Amino acid sequence: MKSFTKCLCFCLAFLLPLATYAKFTGEVFFFNTDPKKNIYELWITHIENAKNTRLLYKHIEDEDIWSFAIQKDGPLIVISAGPLSSDIYLIDRNRLRAGARNITKNRFNATGHVDISPNGDILFTNAEINAFPEVVVGLYLMPNDEVRKVKPEATLLKEGSIGFVRWSPDSEQFIYIDRFGTGLFLYNLRTGKDSLITKDKMYPTFSPDGKKLAFIYQPKIEPGVELEVISLETLYPELLPDNPNGNLRFGSPKWPTKSYLVYSKHNRQKKKTEHFVIRADGGGSPEQILEGMEDMFENGLPSFYLGNSTFAVEPTNRLTTVWGNLKTNTLK
């Protein structure tokens with residue numbers, strides 16, 4: 001009996017971490033780009049099987065991809081891409097063969113950051129380029145009812161240079177960062193007012209209920225990384241990182257479910273970017289995810305977006321002999 005109990009405890013010691021990890025599953029989207037070869041591709045894989053990777057969408061040649069976002073619990077993908085005068089493209093995963101639809105058509109100078117809400121509303125930023133018709137630089141909103149039109153219009157919400165934007169889960173608010181470092185703001189669509197959250201330049205993510213923000217903080221000297229969480233109801237300053245300037249080598253955090261947070265970390269010894277999932281309540285130890293991607297890219301997978309866990313994806317191309325190309329391509 002003692003022998004059986006000892007064996008059972010030994011087994012549980014290995015099974016419990018796996019059981020915790022097994023609850024976190026889902027799709028992973030990433031871009032594989034190589035300007036020298038005119039390769040601008042969107043790929044999809046899964047956390048539970050990172051090597052089961054396939055091509056989802058191939059973008060237009062000579063149009064670099066600056067930003068993209070995935071609709072939460074929906075079929076839409078938005079892409080900001082182009083040479084100089086870039087545009088916003090919309091992809092419907094239920095109609096992949098229809099390709100990407102250009103919804104701005106050279107009307108907003110150079111588009112930059114883009115995000116899409118669970119409702120299908122699109123936010124995007126733009127920048128001014130030389131020898132181009134005068135267009136106000138700022139942050140634009142394209143509501144979902146406009147997106148369906150042949151020539152959708154966008155409303156200017158904030159004038160000025162914006163460096164980051166992200167929707168809240170309820171599609172009623174969003175956060176943005178001024179490129180000049182003024183701070184991180186929370187904008188309420190119903191009132192049209194925004195509130196300063198912090199003057200530190202950080203790249204946060206909303207909790208699934210929209211009541212908290214998570215930040216990544218990497219000390220300049222220590223090699224570790226810290227996850228900080230702040231409540232939007234209290235805004236306690238002691239919850240914020242003391243020094244946010246060291247997070248430049250880390251991707252923005254992700255909060256896909258109530259129970260889990262995801263963050264990225266650069267391994268200095270391996271010289272590769274690694275990704276981890278950790279319980280949002282702080283319990284347990286971080287579990288590395290997407291380890292299979294390390295073998296596919298020389299420096300690991302620098303960045304990605306999380307999608308849905310149950311979604312029928314129409315394959316556009318099967319993975320055959322492209323791994324050799326993937327290893328040599330530069331992923332932006």
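Residues numbered from 1 in each chain as written. Predicted model: local features only at pLDDT ≥ 70, side-chain atom pairs only at ≥ 80, totals over all residues. Heavy atoms only, no water.

S.K.: Go over the side chain of N102 with me, naming the residues and quoting the values.
M.R.: Within the secondary structure, N102 is located in strand 7 (residues 101-102). Of the polar contacts made by the side chain of N102, one reaches the side chain of D87; its length is 3.4 Å. A polar side-chain atom of N102 sits 2.7 Å from the main-chain amide nitrogen of K105. Apart from the residues lying within four places of it in its own chain, the contact partners of N102 are D87, I88 and Y89. (Helix = DSSP H or I, 4+ residues; strand = E, 2+ residues; numbered from the N terminus. Polar contact = N/O pair within 3.5 Å; in protein donor to acceptor, adjacent residues only side chain to side chain. Contact = heavy atoms within 4.5 Å.)

S.K.: Tell me about the sheet that holds strand 23 (residues 305-306), and name the residues and values.
M.R.: Strand order in this open sheet of 4 strands is 3-2-1-23, and the pairing throughout is antiparallel. The open sheet has two free edges, formed respectively by strand 3 (49-58) and strand 23, since each of these has just one partner strand. The pairing of strand 2 (residues 39-46) with strand 3 spans 5 bridges and is antiparallel. Note that in strand 3 the partner of W43 across the bridge is L55. (Pairing = 2+ DSSP bridges.)

S.K.: Residue-level account of the sheet that holds strand 7, with values.
M.R.: If you trace the 4 strands from one edge of the open sheet to the other, you get 4-5-6-7, paired in antiparallel fashion. Lying at the two open borders of the sheet, with one neighbouring strand each, are strand 4 (64-70) and strand 7. Inspection of the sheet shows strand 5 (residues 76-82) paired to strand 6 (residues 87-92) by 6 bridges, in the antiparallel sense. Looking at strand 6, one finds that V78 is bridged to L90.

S.K.: Describe the confidence of the model for the chain, and please don't skip the residues or the numbers.
M.R.: Per-residue pLDDT for the chain has a mean of 75; in total, 73% of the residues score no lower than 70. In this model residues 237-249 is a low-confidence stretch, pLDDT under 50, and it forms 28 contacts with partners more than four residues away in sequence or in other chains. In the predicted structure, residues 310-332 sits below a pLDDT of 50 and forms 54 contacts with residues beyond four places in sequence or in another chain. (pLDDT = per-residue confidence, 0-100.)

S.K.: Which residues make up the side chain of S86, and what are the values?
M.R.: Looking at the element boundaries, S86 is found in the loop between strand 5 and strand 6. What makes S86 buried here is its relative accessible area of 1%. Side-chain polar atoms of S86 contact the backbone nitrogen of T111, separated by 2.8 Å. S86 has contacts with W66, A81, N109, A110 and T111, leaving out every residue within four places of it along the chain. (Buried < 20%, exposed > 50% of the residue type's maximum accessible area, 1.4 Å probe, protein only.)

S.K.: Explain the pattern of salt bridges to me, using residue names and the numbers behind them.
M.R.: Pairs can form between side chains of opposite charge whenever their charged atoms are close. Within the structure shown, the criterion is met by 6 salt bridges. The salt bridge involving R93 is made with E27; its shortest N-O contact spans 2.8 Å. A residue pair is termed long-range when its members are at least 10 positions apart, and R93 in the loop between strand 6 and strand 7 and E27 in strand 1 (residues 27-34) qualify at 66 residues. Between E153 and R107 there is a salt bridge, with the nearest N and O atoms lying 3.8 Å from each other. Residue E153 is found in the loop between helix 2 (144-147) and strand 11 (155-159), and its partner R107 is found in the loop between strand 7 and strand 8 (110-116); the two are separated by 46 residues along the sequence. (Salt bridge = Lys/Arg side-chain N within 4 Å of Asp/Glu carboxyl O.)

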